[in-house]
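Listed here are the chains, written in short residue letters.
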Amino acid sequence: MSTLLQRLDAEIAVFTDSFANLVKASRVDTPDDITTKGARVAGDLLEVLAEKMLLSGQNLISMIAELKQNAVVSNFALLNQNIAQQDATHHKTSEALQAQLASLQHQLRQVSKRA
């Protein structure tokens, strides 16, 4: 589970870095910027950065699905434990009620013999 969380943290860092780089690269230059800094970033670079961000997003979605599966499995174990505890409680209650019923039946038999 901890390795999954580490992978998730790393993938979030990749996603945010890709987004930041995409925003920087897609910046619209003013005419003054073009003359002082040179030409704009090539369109291919924007596509590469967008593709990296898209791949990172897909990886995040698959990791989230994996986390959900782990949570469901963990919950089933917890649910099974709770069910076992409730079953034990009901079994004890049933035994106590059986003992009380046996006692009442015995008392009724004694009363009916007297009458």
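Keep in mind it's a predicted model, so treat the numbers as computed, not measured.

Observations concerning the overall build of the chain
And step 1. Helix and strand content of the chain: three helices and zero strands.
And step 2. Mapped in sequence order, the helices and strands of the chain form the string α-α-α.
And step 3. Taken over 115 residues, the chain has a buried fraction of 13%.
And step 4. Restricting the contact set of the chain to residue pairs at least 6 apart, pairs at least 24 apart contribute 78%.

With respect to a nonpolar patch on the surface
And step 1. Taken together, the side chains of Val72, Phe76, Leu79 and Ile83 make up a nonpolar region of the molecular surface, amounting to roughly 380 Å² of accessible area.
And step 2. Tracing the chain through its elements places Ile83 in helix α3 (residues 43-114).

Side note on the pattern of salt bridges
Opposite charge on two side chains lets them pair, provided their charged atoms get close.
And step 1. For the coordinates displayed, the defined rule picks out one salt bridge.
And step 2. Two residues, Glu66 and Arg7, come together in a salt bridge whose shortest N-O distance is 3.7 Å. Of the two residues, Glu66 sits in helix α3 while Arg7 sits in helix α1 (residues 2-25), which places them 59 residues apart along the sequence.
And step 3. For Glu66, a relative accessible area of 32% corresponds to the partly exposed category.
And step 4. A relative accessible area of 42% means that Arg7 is categorised as partly exposed.

Observations regarding the side chain of Ser56
And step 1. In this structure, Ser56 sits in helix α3.
And step 2. In this view, Ser56 contacts Glu11, Val14 and Phe15; residues no more than four positions away in its chain are not counted.

The rules behind the values
Residues numbered from 1 in each chain as written. Predicted model: local features only at pLDDT ≥ 70, side-chain atom pairs only at ≥ 80, totals over all residues. Heavy atoms only, no water. Helix = DSSP H or I, 4+ residues; strand = E, 2+ residues; numbered from the N terminus. Buried < 20%, exposed > 50% of the residue type's maximum accessible area, 1.4 Å probe, protein only. Contact = heavy atoms within 4.5 Å. Patch = residues over 30% accessible without salt bridge, like charges linked within 9 Å, V, L, I, M, F, W, Y side chains within 5 Å. Areas by Shrake-Rupley, 256 points an atom, 1.4 Å probe, with all protein chains shown as cover. Salt bridge = Lys/Arg side-chain N within 4 Å of Asp/Glu carboxyl O.

From the geometry alone we can't say anything about function, so treat these as descriptive.
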